[in-house]
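# Observations on the model geometry
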Amino acid sequence: MKITRRDVLKVGATQGVLASAMPQMVNAGSTDEKNLTADRTAFAPDYRLNVTQIPYERYGSSFNAIVAEGTWPGAEIRYRKGDTFRVMVQNHLNGPTCVHWHGLLLPALMDGVPGISQLPIAAGAVDYYEFPILQSGTYYYHSHFETQEQYGLLGPLILEDPDEPHHYDHDQTVMLCDIPGSDAKQTISDLRSGKMKPDSAVPYLPDGSKEFDTDVAYPGYTINGHSNDDPWTLRVRSGDRIRLRLINSSGSSYFRVKLDDLQMSVIATDGKPVEPVLVDDLVIATAERYDVIVTVPASGNHTLHAAALGVSGQAVGIIHTNDITPKADSSRARFSGKSLRQNDLRAVEPSDLGKVDIVHDVVLGGNMKAFEWTINGNFWPEPFAGPGAKETFLSVQEGSVVRLRMINKTMMAHPMHLHGHVFRRVRQRDNRFAPFKDTISVGAGETVEIEFLANNPGTWAYHCHNIWHLAVGMMQPVRYMLPMGER
C-alpha cells in the first residue's frame, strides 16, 4: 500500500490534536466532577519512575548516578500500539529533573524538554504523562535536564505491534552506554583545556569510511548495565530466533556492533519497519535504534561486540545455548563481511510527501579547540550568539512539507534528532522507499537533507544528541507559526 501525502496529513492531524485524547476538564458541580473527586485512581499510572541518586562504580569511575527505579539502565516501560501511555515521574533528587520520551509521537506539552515543552520537575515534585500510543517499535526514555542522561537517567521504552509480522522466541532489549570518568563540569573543563584526549587506535570503521573523530575519553562501556568483567548474558536453545532491540543510549559514543559467527537480519530502524537486510555488522549512532533478528543454529557461545568508534574500547556480552557455560571473547573485535549501509535500508511501504514547501539550511558549526558547538551560529538558548547567526528557532507552518539541509562544517559526526516527528533522508535517486527515522548521523564535512510533514503543532527540540555538544548549546528548535496574514 502506498502512503500518500494525504494519508500522512490525515494521520498527522490526529497527532496534532493528541491533547484532545487527554482527560478533559469537567464543569463545576457535575456528576463527573464528583466521581473524579471521589475516585483516587482516576489517573493512576501504569508505571512510576522514581528518580534517585545511587553510588556508582565502574571501570575505576566513582560518582553518584541519577537513575530511574534504582538501576542504570532504568526500569523497562512496555506498551502496545493503541494503548494509552500513563507514566508518573517522581523526583527524589535535591534538584530538578525532566524526562523525555525519545522518538514518540505525542503532544508537544508531554515531550519533557525543559525550556521548550515544560518546566523542570522540581526537587520533591511529581509529574504525570498521559497520551495515546500511535506507533510501535523500539524507543527509550532519558533525562533532558542538563547532562543527567550521561550519568544514568535513561531506560528502554518498547511499543509492541499487535500485528507483529515477525516470529521470534526471545524479545531482548540491548542498551549500550558509555561511562564517564568525571563529573560534567570537570569533563567540559577538560575538553576546553585540551586535557581530554581519547586514544587514537584503529577506529573500527567499515571499509571505505572516513576516519572517525571523537572528543570524550570514556573509561569503559556497558551492555544493559554490565561491564566487561561481568558481561551481560542471554541463555537460549539451539534453533531459537532472537529479536535484539539495539539502543545506543550513550552520551556521545558511536558503536559498531557484531555477533560472533552469526549474521543479523535488520528489520527496523528507529522503530520503523524496513525490508529485512542480512548483515554481519552495523554502525549505530548515538540515540539511534536498530532491531535485528538472529538465529542460533547450534550449540555454542556467541560474543556480542559493541566497539566504540574512534577508540580501542568496546563492550561485550554473550548469547549462549543452554548446554554451554557462557564465556565472552574479550579480544579486540574483528570485522569482515557485509556492513550495513544506509542505502541498504528500504521501507516496507512507499511514501510520498509531495512538494517541498520550505527549505531551511541548518549549519552545524563548532570549534573543537574551544569546545563550542552551534547550529546556524546559535548557542541555545542564547539568541544570535555567533557571527552571522540566524533566527533562534526554525519556523514552520502546519501542513507544510519541510526540508532541512544539514551542512556539517565540523570535523566530527553529529547525531541529529528531531522531537515529535518522523523524517526521511533525501536520497539522490528514488525517495519513495527511504525509511522514516527520528535520528540521523551527519558525518564530518557531510551535507545531509531530510524532509518531514509538519503535522504536530508546537515547539519541538531539534538538536545534536551528543550530550556534550548539546550541553554547550547545539540546538535550534522547530517552532510552528501562523501564516503572516493570520497573526
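### Quick word on the nonpolar core
- Of all hydrophobic cores here, the largest spans 106 residues; its most connected members are F85, W101, V266, L282 and W468.
- Listed in part, the seven residues of the second largest apolar core include V113, W380, F393 and L470.

### As for the pattern of salt bridges
- Under the definition given, this model contains 24 salt bridges.
- Where D240 meets R237, a salt bridge forms, and the shortest distance between an N and an O atom there is 3.7 Å.
- Taking relative accessible area as the criterion, R237 reaches 51% and is therefore assigned exposed.
- Close ionic contact of R424 with E451 constitutes a salt bridge, the shortest N to O distance being 2.8 Å. Here R424 is found in strand β25 (residues 423-425), whereas its partner E451 is found in strand β28 (residues 447-453), with 27 residues between them in sequence. Residues R424 and E451 agree in their burial class; the two are buried.

### So, the sheet that holds strand β6 (residues 126-132)
- With mixed pairing, the four strands of this open sheet are ordered in space as β2-β1-β4-β6. The two strands at the open ends of the sheet, each matched to only one other strand, are β2 (61-68) and β6. Put simply, the sheet's adjacent strands are angled 25° from each other on average, direction ignored.
- Here eight bridges tie strand β1 (residues 47-58) to β2, and the two strands are oriented antiparallel to one another. Across the sheet, the residue bridging to Q53 is I66, located in β2.

### Things to note about the sheet that holds strand β9 (residues 170-179)
- Sheet architecture is open: six strands sit in the order β10-β9-β12-β17-β14-β15, paired in mixed fashion. The open sheet terminates on both sides in strands that have one partner only, identified here as β10 (220-223) and β15 (272-279). Averaged over neighbouring strand pairs, the angle between their axes works out to 25° when direction is ignored.
- Two strands pair when backbone bridges link them, and strand β12 (residues 241-248) and strand β17 (residues 289-295) are joined in this way by seven bridges, in the antiparallel orientation. Note on β17: the bridge partner recorded for R245 is D291.

### Points about the side chain of K437
- The residue K437 is located in strand β26 (residues 436-437) in this model.
- Side chain to side chain, K437 and D270 meet in a polar contact 3.2 Å long.
- If we skip the residues at most four places from it in the chain, K437 touches T269, D270, E288, Y290, Q342, H421, V422 and F423.

### Let's talk about the environment of V478
- For V478, the location among the structural elements is in strand β31 (residues 478-480).
- Residue V478 is classed as buried on the basis of its relative accessible area of 1%.
- Between the C-alpha atom of V478 and that of T392, which follows or precedes it by 86 residues, the distance is 9.3 Å.
- Sequence-distant contacts of V478, that is, excluding residues within four places in its chain, are made with L394, V396, L418, G458, T459, W460 and Y462.

### Description of the pairing of strand β24 (residues 414-418)
- Across the five residues that make up β24, a large majority, five, are buried.
- With four bridges connecting them, β24 and strand β27 (residues 439-442) associate as antiparallel partners. Bridge pairing in β27 links H414 to V442.
- Of the strand pairs in this sheet, β24 and strand β30 (residues 462-464) are connected by three bridges, and their pairing is antiparallel. The residue of β30 that forms the bridge with H417 is H463.

### Some words on the packing of aromatic side chains
- Tallied over the entire structure, the rule returns 15 aromatic pairs.
- When the centroid spacing of 5.5 Å and the interplanar angle of 40° are considered together, the rings of Y79 and F85 count as tilted. Neither Y79 nor F85 differs from the other in exposure class; each is buried.
- Here F85 and W101 contribute two aromatic rings whose centre-to-centre distance is 5.0 Å and whose plane-to-plane angle is 65°, an arrangement assigned as edge-to-face. Highlighted residues: F85 in strand β4 (residues 84-91) and W101 in strand β5 (residues 99-102), separated in sequence by 16 residues. Of the two residues, F85 and W101, neither departs from the other in class, the shared state being buried.

### So, the confidence of the model for the protein
- Of the residues in the protein, 86% reach a pLDDT of 70 or more, and the chain-wide mean stands at 89.
- Predicted confidence is poor over residues 1-31, with pLDDT under 50, and the contacts of this stretch with residues over four places away or in other chains come to 52 contacts.

### Side note on the side chain of H144
- By the element assignment, H144 lies in the loop between β7 (137-143) and β8 (154-160).
- Within polar-contact distance, the side chain of H144 engages the side chain of H463 at 3.3 Å.
- The contacts of H144, once residues within four sequence positions are left out, are C98, H100, G112, V113, P114, H419, H463 and L470.

Thresholds applied
Residues numbered from 1 in each chain as written. Predicted model: local features only at pLDDT ≥ 70, side-chain atom pairs only at ≥ 80, totals over all residues. Heavy atoms only, no water. Core = buried A, V, L, I, M, F, W, Y, C linked by side-chain atoms within 4.5 Å. Buried < 20%, exposed > 50% of the residue type's maximum accessible area, 1.4 Å probe, protein only. Salt bridge = Lys/Arg side-chain N within 4 Å of Asp/Glu carboxyl O. Helix = DSSP H or I, 4+ residues; strand = E, 2+ residues; numbered from the N terminus. Pairing = 2+ DSSP bridges. Axes fitted to C-alpha atoms, helices over the stretch in contact; angles between N-to-C directions. Polar contact = N/O pair within 3.5 Å; in protein donor to acceptor, adjacent residues only side chain to side chain. Contact = heavy atoms within 4.5 Å. Phe/Tyr/Trp six-rings, centres within 6.5 Å; stacked < 30°, edge-to-face > 60°. pLDDT = per-residue confidence, 0-100.

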